[in-house]
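Observations on chain architecture
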Amino acid sequence: MSWNPRALPDQSGRTFVVTGANAGLGYFTSEQLAGAGAHVVLACRNPAKAAAAIAAIRGRVPGASVSALTLDVADLGSVHGAADRILEFPRLDGLILNAGIVHPPQDRSVSLDGAELVLATNYTGHFLLTSLALPALQRTPGSRVVSLGSMISRLMDSSLDDLQLEVTYNGWKAYAQSKIAMQVFGFELDRRLRAAGQGGPDGVQSLVSHPGYSISGLTPGIRGVNEVSRAKRFADTLQGFIGAQSKDAGAWPTVRAAIDPDARGGQYYGPRFLTRGAPALQHPTRTSLDRGIAERLFTRTEALVDQPFALPAQLGPL
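Since the model is a prediction, treat every value here as computed from it, not as a measurement.

To continue, consider a nonpolar patch on the surface. On the surface, a cluster of nonpolar side chains totalling about 520 Å² of accessible area is made up of F234, L238, F241 and I242. Residue position: F234 is located in helix α6 (residues 230–239).

See the structure below:
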């Protein structure tokens, strides 16, 4: 089925939570879903920035239904609090796991809970949030979880054996590992949902997306959301000639994974030409689909968040 990201199917009556929604890909994912008629909850760390994003969406999408939820994915206490709020929602049609550190710190840092900061922000908090919010998804027929991966998984690989990077920390290694973990998580979640009899079109489906090479300088300027200097816009425009695209286009694969009626759990969406283009089905890396890596990752992450995931692993051959 052809898909037009500028003419989305009506989402009236549906509710989506988007983490890290005050800027970048999360903002445009939220704006596009709101433009299709959905109620969108912007789950953000900074209330002032969330308010600015909500004002921007309402200004650009007349009649938009949007609200804010305070969430710092790098703080497990904040994740628990946000999940409690989500469980009060009458329905949850989509949980978009978007928040993350794009430019990792040069030196290793840790979260309030002692986890390596990039991993905690990009992955660990989302792992716990999904586990805690699962009942809201389970009571909403046809709900979806979309985990945001990255094309860096094709450029760098990791078996995810050293999650904390206490000795071997490198900023880009930390970023790549966190995004590989998100992809492994998304595909393993779909396997667990199916094995538990809770997956499929009428249950909860887990999909993975990546935005290609999406940068701020090619993205429309929006006050309080995307304000780019002339120098950066010039430099990013040059990168457009080597395959970069805007962040509003980068949000297209995530939105398609969340609402395309023909999309199915376990699928992977990204730009058609890898770095840019219309959203299309892609083939994930072998590591992303490795069940052995997934089971070890879940076990280690459960230790980091100090509780088991809501869906246990199913026994059987890997």
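On we go.
Here we come to the environment of A23. Position of A23 relative to the elements: it lies in the loop between β1 (15–19) and α1 (24–35). Residues A23 and V66, 43 residues apart in the sequence, show an inter-C-alpha distance of 15 Å.

Here we come to the packing of aromatic side chains. Inspection of every chain in the model, using the stated rule, returns eleven aromatic pairs. Both rings, one in Y27 and one in F28, keep their centres 5.0 Å apart while their planes meet at 85°; by these two values the pair is edge-to-face. For Y27, a relative accessible area of 0% puts it in the buried group. Residue classification places F28 among the buried positions, given a relative accessible area of 2%. Where F185 meets F298, the ring centres are 5.7 Å apart and the plane angle is 25°; that geometry is what we call stacked. Here the residue F185 occupies a position in helix α5 (residues 171–195), and F298 occupies one in helix α10 (residues 291–305), the gap between them amounting to 113 residues. In this structure, F185 and F298 share a single accessibility class: buried. Ring pairing ties together the aromatic residues Y123, F127, F185, F298 and F309, which thus form one cluster.

With that settled, the discussion passes to the pairing of strand β2 (residues 39–44). Of all six residues making up β2, five are buried, and the element is well covered by its neighbours. As paired strands, β1 and β2 are joined by five bridges and run parallel to one another. Looking at the pairing, V18 lines up with L42 of β2. With respect to chirality, the unit in which β1 leads through α1 into the neighbouring parallel β2 is right-handed. Relative to strand β3 (residues 65–70), β2 runs parallel, the two being bridged by six bridges. Looking at the pairing, L42 lines up with A68 of β3.

Further remarks concern the pattern of salt bridges. Within the structure shown, the criterion is met by nine salt bridges. A salt bridge links R296 to D161, with the nearest nitrogen and oxygen atoms 3.9 Å apart. With R296 in helix α10 and D161 in the loop between β5 (143–148) and α5, this residue pair connects regions lying 135 residues apart in the sequence. Looking at D161, the relative accessible area reads 46%, which means it is partly exposed. Among the charged side chains, a salt-bridge network with shared partners connects R14, R91 and D93.

The rules behind each value
Residues numbered from 1 in each chain as written. Predicted model: local features only at pLDDT ≥ 70, side-chain atom pairs only at ≥ 80, totals over all residues. Heavy atoms only, no water. Patch = residues over 30% accessible without salt bridge, like charges linked within 9 Å, V, L, I, M, F, W, Y side chains within 5 Å. Areas by Shrake-Rupley, 256 points an atom, 1.4 Å probe, with all protein chains shown as cover. Salt bridge = Lys/Arg side-chain N within 4 Å of Asp/Glu carboxyl O. Helix = DSSP H or I, 4+ residues; strand = E, 2+ residues; numbered from the N terminus. Phe/Tyr/Trp six-rings, centres within 6.5 Å; stacked < 30°, edge-to-face > 60°. Buried < 20%, exposed > 50% of the residue type's maximum accessible area, 1.4 Å probe, protein only. Pairing = 2+ DSSP bridges. Right-handed = clockwise from strand over helix to strand, strands pointing away.

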